[in-house]
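Spelled out from the first residue to the last, the chains are:
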Amino acid sequence: MFTFNKLYNKQALYEAATSIVSKALLFPNKAKVMSYDEETLYNLSTHLPSHLDRLHKSLINRQFEFAPLLLREVVLNEKKRRLFIARWLDKFVDAVLYRRLDSAFESVFYPHSYSFRIHSHRKGLQRAIKQTSSVLHSFPNSFYVVRRDISSYFPSVDKNILLTKISEFVNPEDYLFQLLKQRIEFNYVSESVSHLTSLETQTDSVGIPFGTAIAGWFANLYLTKLDYELAATQCKVIRYADDYLVASEDRAQIEQCIGIFSQGFSSLNVKSKPSHEQNIVYKGLPNDSIFKNVKQVDYLGIIFRDKKILIGSRKIDKIKAIFKTVIDKKLHKRLKTKSIIERAEVGCLAVRKVFAGRQLGRQLTIDYFLALITEEEQLQILDRWLIEYIMYAATGYKHWRLGNLKHCSTKQLHNWGLISLLHRSRLLRHNNLDTGLKTMLNHKSLLIK
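Computed from a prediction, not measured in an experiment: that's the story for all the values here. (Residues numbered from 1 in each chain as written. Predicted model: local features only at pLDDT ≥ 70, side-chain atom pairs only at ≥ 80, totals over all residues. Heavy atoms only, no water.)

Caption draft 1: Structural context of the sheet that holds strand β5 (residues 236-240). Spatially, the five strands line up as an open sheet ordered β5-β6-β3-β7-β8, and their pairing is mixed. Among the strands making up the open sheet, the edge pair consists of β5 and β8 (292-294). With direction set aside, neighbouring strand axes in the sheet form an average angle of 25°. With five bridges joining them, β5 and strand β6 (residues 243-248) adopt antiparallel strand pairing. Along β6, the bridge assignment pairs I238 with L245. The sheet strands contacting helix α6 (residues 125-137) are β3 (143-149), β5 and β6, and the helix crosses β5 at an angle near 160°. Contacts from helix α11 (residues 251-268) reach β3, β6 and β7 (278-282), with the element oriented near 10° to β3. (Pairing = 2+ DSSP bridges. Helix = DSSP H or I, 4+ residues; strand = E, 2+ residues; numbered from the N terminus. Axes fitted to C-alpha atoms, helices over the stretch in contact; angles between N-to-C directions. Contact = heavy atoms within 4.5 Å.)

Caption draft 2: Geometry of the state of the cysteines. Taken as a whole, this structure holds zero disulfides when the rule is applied. There is no disulfide at C235, and the cysteine sulfur nearest it, in C257, is 3.6 Å away. Owing to a relative accessible area of 6%, C235 belongs among the buried residues under this scheme. No disulfide involves C408; its sulfur sits 7.1 Å from that of C348, the nearest cysteine. (Disulfide = S-S within 2.5 Å. Buried < 20%, exposed > 50% of the residue type's maximum accessible area, 1.4 Å probe, protein only.)

Caption draft 3: Highlighting the sheet that holds strand β9 (residues 297-299). Ordered by their spatial adjacency, three strands build an open sheet running β9-β10-β11, and the pairing between neighbours is antiparallel. The open sheet terminates on both sides in strands that have one partner only, identified here as β9 and β11 (308-311). Adjacent strand axes in the sheet meet at a mean angle of 25° when their direction is disregarded. Bridge count between strand β10 (residues 302-305) and β11: four bridges; the pairing is antiparallel. Bridge assignment links I303 to a residue of β11, and that residue is L310. Contacts between α6 and the sheet are confined to β9, β10 and β11, with β10 contributing the most and set at about 25° to the helix.

Caption draft 4: Up close: helix α12 (residues 313-331). The end-to-end C-alpha distance of α12 is 26 Å, a good match for the 27 Å that 19 residues give at a rise of 1.5 Å each. Of the positions making up α12, those classed as buried are I316, I319, I322, F323, V326, I327, D328 and L331. (Expected span 1.5 Å × (residues − 1).)

Caption draft 5: Expanded view of the nonpolar core. Among the nonpolar cores identified, the biggest contains 70 residues, and F92, I166 and W217 are the most heavily contacted of them. Residue contributions to this core peak at 10 residues, all from helix α10 (residues 214-231). Listed in part, the 59 residues of the second largest apolar core include I280, L372, L382 and W385. (Core = buried A, V, L, I, M, F, W, Y, C linked by side-chain atoms within 4.5 Å.)

Caption draft 6: View of the packing of aromatic side chains. Overall, the coordinates contain 28 aromatic pairs when judged by the stated rule. Judged by centre distance (4.9 Å) and plane angle (80°), the rings of F4 and Y175 are edge-to-face. You can see F4 sitting in helix α1 (residues 4-7) and its partner Y175 sitting in helix α9 (residues 175-184), a full 171 residues away along the chain. When sorted by exposure, F4 lands in the same class as Y175, which is buried. (Phe/Tyr/Trp six-rings, centres within 6.5 Å; stacked < 30°, edge-to-face > 60°.)

Caption draft 7: How the structure looks around the environment of N141. Relative to the helices and strands, N141 is located in the loop between α6 and β3. With near-sequence residues (within four places) excluded, N141 lies in contact with E249 and K283.

Caption draft 8: Here's a closer look at the environment of N293. Tracing the backbone through its elements, the reader meets N293 in strand β8. For N293, a relative accessible area of 26% translates into the label partly exposed. Distance in space between the C-alpha atoms of N293 and G124 is 30 Å, their sequence separation being 169 residues.

Shown next as structure tokens:
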């Protein structure tokens, strides 16, 4: 059984605080986020050691209690989500619990569950995609694939079932269990009334607080038993967050998994998302009443086709939107003050700043996908689009046509700083892109947790 004394110490608190404070170096806007106490990370950092000392004493004396969360409704990845924001001191405790429990449960969690695994070498979306590619290419002949995704996963987790699962590993009388229970049975206040002096808190009968660090650990523990039940069929099972992919050459095994999904979701009081349900067969078997024949597998926004990896249209649109934003920001105000040649040069410099400027999030997003794509034709098309959009913007946003390219050559655009996405992808995939950013992100002390 895990206890608070075994998991917690002052060093763990300082490590968690350091991991959070270090984000302000790379993502300064995140440090400005405040809860209803109107504290930002910058405010807190002025007296951080004394805050941490008081926090440590309250934890050691078993006096610390989580304050209510602030509910903010946001749009993430084109989906409306309920984001719960904790006070900064509470975030430190959340991070301690998450980091220590993630490490302690390394042998408990299913090896091929890839999200919210900060201490595992199997962590991350990129690992999940590479493992998926390896699994799909391991079958020499046709095979079956089943995909399932839980609808509104975090808001639909059953609190009682989760507490029962935690009690199998943590004594309900221990302070660790009390802290976890507080986070599961959390109170919150809506952002619309957060200005009131006397806050009226609310609570929900189901759901875990999406936006807190410990919610990721809850999400993994909730599905771990189902992970192993699926793996026991001898099928290849991959899970990223609540998104499952199961593959097998044996139809009986894969149909058994379909039944396990149905029973498992029912016992967990969650529902499958109909739009993401797939029962498919890959590499040449005929269609039937259950399995649809396909020529590619789509998982996590990535398309696996033969031995090539492409990114889906929504991800392509996301990359294009980033470039459109930076180009338009620079050129819309210069349509009357500069020539077409000068505007084209400004557009090229704007693209270059995506990879060399201070907006780290944009660079990471693009580089992440560039490192995955192995279908170079897709990158050639994207490079062509980028050149055409720069010239479309430089000529006044009037006509999207090849004639715009007569004003300056592709070579001239690259001389002005336009980056070839195909070339950058090759450098990333072969680890030949030696940048200060890459070195910094690979340094263990500065990893983004």
